[in-house]
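# Overview (structure and organization)
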Amino acid sequence: MTDPIRLSKRLIELVGCSRREAELFIEGGWVTVDGEVIDEPQFKVGAQKVVLDPEAKATAPEPVTILLNVPAGQDVESARLSISAASLSDEHRFGKRPLRGHFARLNASDDLQPGASGLLVFTQDWRVQRKLSADASKIEQEYLVEVSGQMIEHGFNRLNHGVTYKGRELPPVKASWQSENRLRFALKNPQPGMIALFCQAVGLQVIAIRRIRIGGVSIGKVPLGQWRYLSAKEKF
């Protein structure tokens, strides 16, 4: 029996790579211990079988962007802490191995309307963060809003052309019925509480708000409280 040693040290002994290469192989998810991917260089191993994937590349993992279907009322920090390998949507596990490094240094790039559920973006990629921040006024967001009450006459016309409510001028917005008690709103960079004001201005009360899209990126069929990765083909 030998004393347990760091996984990175064992890998160096096995393949003759440098310490930095060993760390990159491990952090990239290319190393298994008894068949399980381990992405912590400091992980201690003894007699377990350590294997390096033949396709392994000693490069830093690409930054990831995570799309979380957040429950209503959950604050950003609690939402961030809920992101783990276990909460990855089953339907979106194919072809992507969640690594511990994917859950570090995640920045929330866009806030929801107060009390809303739905799409919340967390990213490690400075390019995504800059895009969502610098182009916020240009990127359309889509919300589904459950409402009660009776819309006033010509309500959609008022919403689509701009309306004044309680002395406040509200900008034009794309609005339509999706069902008997559900409205669809498409608008750019809505200020906190703006959607509730739109509804009140035409005689409706908000029951629930859910964001389903930012730019060209939709939350899709991700269950509430779960997440998926942004794919390389998707653009905000």
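The present account deals with the structure reproduced in this document. For clarity, every value in this text was computed on a predicted model and none was experimentally measured.

### With respect to the sheet that holds strand β2 (residues 31-33)
- Taken in spatial order, the three strands of this open sheet run β3-β2-β5, and their pairing is antiparallel. The open sheet has two edge strands with one neighbour each: β3 (36-37) and β5 (50-52).
- Pairing between β2 and β5: three bridges, direction antiparallel. Each residue of the ladder has a partner; that of valine 31, found in β5, is leucine 52.
- Against the sheet, helix α1 (residues 7-15) makes contact with β2 and β5, and its axis sits at roughly 65° relative to β5, the strand it touches most.

### Some remarks on helix α2 (residues 19-27)
- Listed in full, the buried residues belonging to α2 are Ala22, Glu23, Leu24, Phe25 and Ile26.
- For α2, the elements touching its buried residues are β1 (5-6), α1, β2 and β5.

### Notes on unusual backbone geometry
- Even without a glycine there, the phi angle at aspartate 34 is positive, about 50°.
- Considering the arrangement of structural elements, one finds aspartate 34 in the loop between β2 and β3.
- The backbone of arginine 105 shows a phi angle near 55°, a positive value even though the residue is not glycine.
- Looking at where arginine 105 falls in the secondary structure, it is placed in the loop between α3 (76-81) and β7 (107-108).

About the thresholds
- Residues numbered from 1 in each chain as written.
- Predicted model: local features only at pLDDT ≥ 70, side-chain atom pairs only at ≥ 80, totals over all residues.
- Heavy atoms only, no water.
- Pairing = 2+ DSSP bridges.
- Helix = DSSP H or I, 4+ residues; strand = E, 2+ residues; numbered from the N terminus.
- Contact = heavy atoms within 4.5 Å.
- Axes fitted to C-alpha atoms, helices over the stretch in contact; angles between N-to-C directions.
- Buried < 20%, exposed > 50% of the residue type's maximum accessible area, 1.4 Å probe, protein only.

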